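# A look at the structure
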Amino acid sequence: MPQTSRVIVYAERDLLGFLRLVTARAALCLGDHATPVTAALCRALDLPVPGTSALRS
């Protein structure tokens with residue numbers, strides 16, 4: 001695997017791990033606001049919103 005591809009794969013893995021942590025923490029601390037905050041973070045990071053099956057282009 002070329003070095004650039006490896007860096008991209010690791011960066012995506014790290015972002016998904018960060019998103020998992022934030023999602024869990026938001027559920028504990030933000031109550032009803034957790035879902036919209038998590039969705040906004042996904043949009044900002046250009047990651048799929050959990051629970052949606054929408055295809056991204």
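Residues numbered from 1 in each chain as written. Predicted model: local features only at pLDDT ≥ 70, side-chain atom pairs only at ≥ 80, totals over all residues. Heavy atoms only, no water.

## Brief notes about the side chain of T38
- If you trace the backbone, T38 turns up in helix 2 (residues 34-45).
- Here T38 falls in the buried class, since its relative accessible area comes to 7%. (Helix = DSSP H or I, 4+ residues; strand = E, 2+ residues; numbered from the N terminus. Buried < 20%, exposed > 50% of the residue type's maximum accessible area, 1.4 Å probe, protein only.)

## Things to note about the packing of helix 1 (residues 3-29) against helix 2
- Across the interface, helix 1 lies against helix 2 with an axial gap of 9 Å and an inter-helix angle of 165 degrees. Viewed along their axes, helix 1 and helix 2 adopt a mutual orientation that is roughly antiparallel. Seen from above, helix 1 lies across helix 2 with right-handed handedness. Contacts between helix 1 and helix 2 involve L15, F18, L19, V22, T23, A26 and A27 on the former and, on the latter, A34, T38, L41, C42 and L45.
- Of the residues belonging to the contact of helix 1 with helix 2, the class tally is 10 nonpolar, 2 polar and no charged. (Axes fitted to C-alpha atoms, helices over the stretch in contact; angles between N-to-C directions. Parallel < 35°, antiparallel > 145°, perpendicular 65-115°, else oblique. Left-handed = near helix turned anticlockwise from the far one by under 90°. Contact = heavy atoms within 4.5 Å. Nonpolar A, V, L, I, M, F, W, Y, C, P; charged D, E, K, R; others polar.)

## A closer look at helix 1
- Counted at 1.5 Å a residue, the expected span for helix 1 with its 27 residues is 39 Å, and the 39 Å between its end C-alpha atoms agrees.
- Taken residue by residue, helix 1 has G17, L19 and A26 as its buried positions.
- Those residues of helix 1 that are buried are in contact with helix 2.
- In the stretch just after helix 1, G31 is the one whose phi turns positive, near 55 degrees. (Expected span 1.5 Å × (residues − 1).)

## Re helix 2
- Counted at 1.5 Å a residue, the expected span for helix 2 with its 12 residues is 16 Å, and the 16 Å between its end C-alpha atoms agrees.
- D46 sits one or two residues past helix 2 and shows a positive phi near 55 degrees.

## Description of unusual backbone geometry
- Positioned with a positive phi, D46 is a non-glycine residue whose angle comes to about 55 degrees.
- Tracing the sequence through the fold places D46 in the segment after helix 2.

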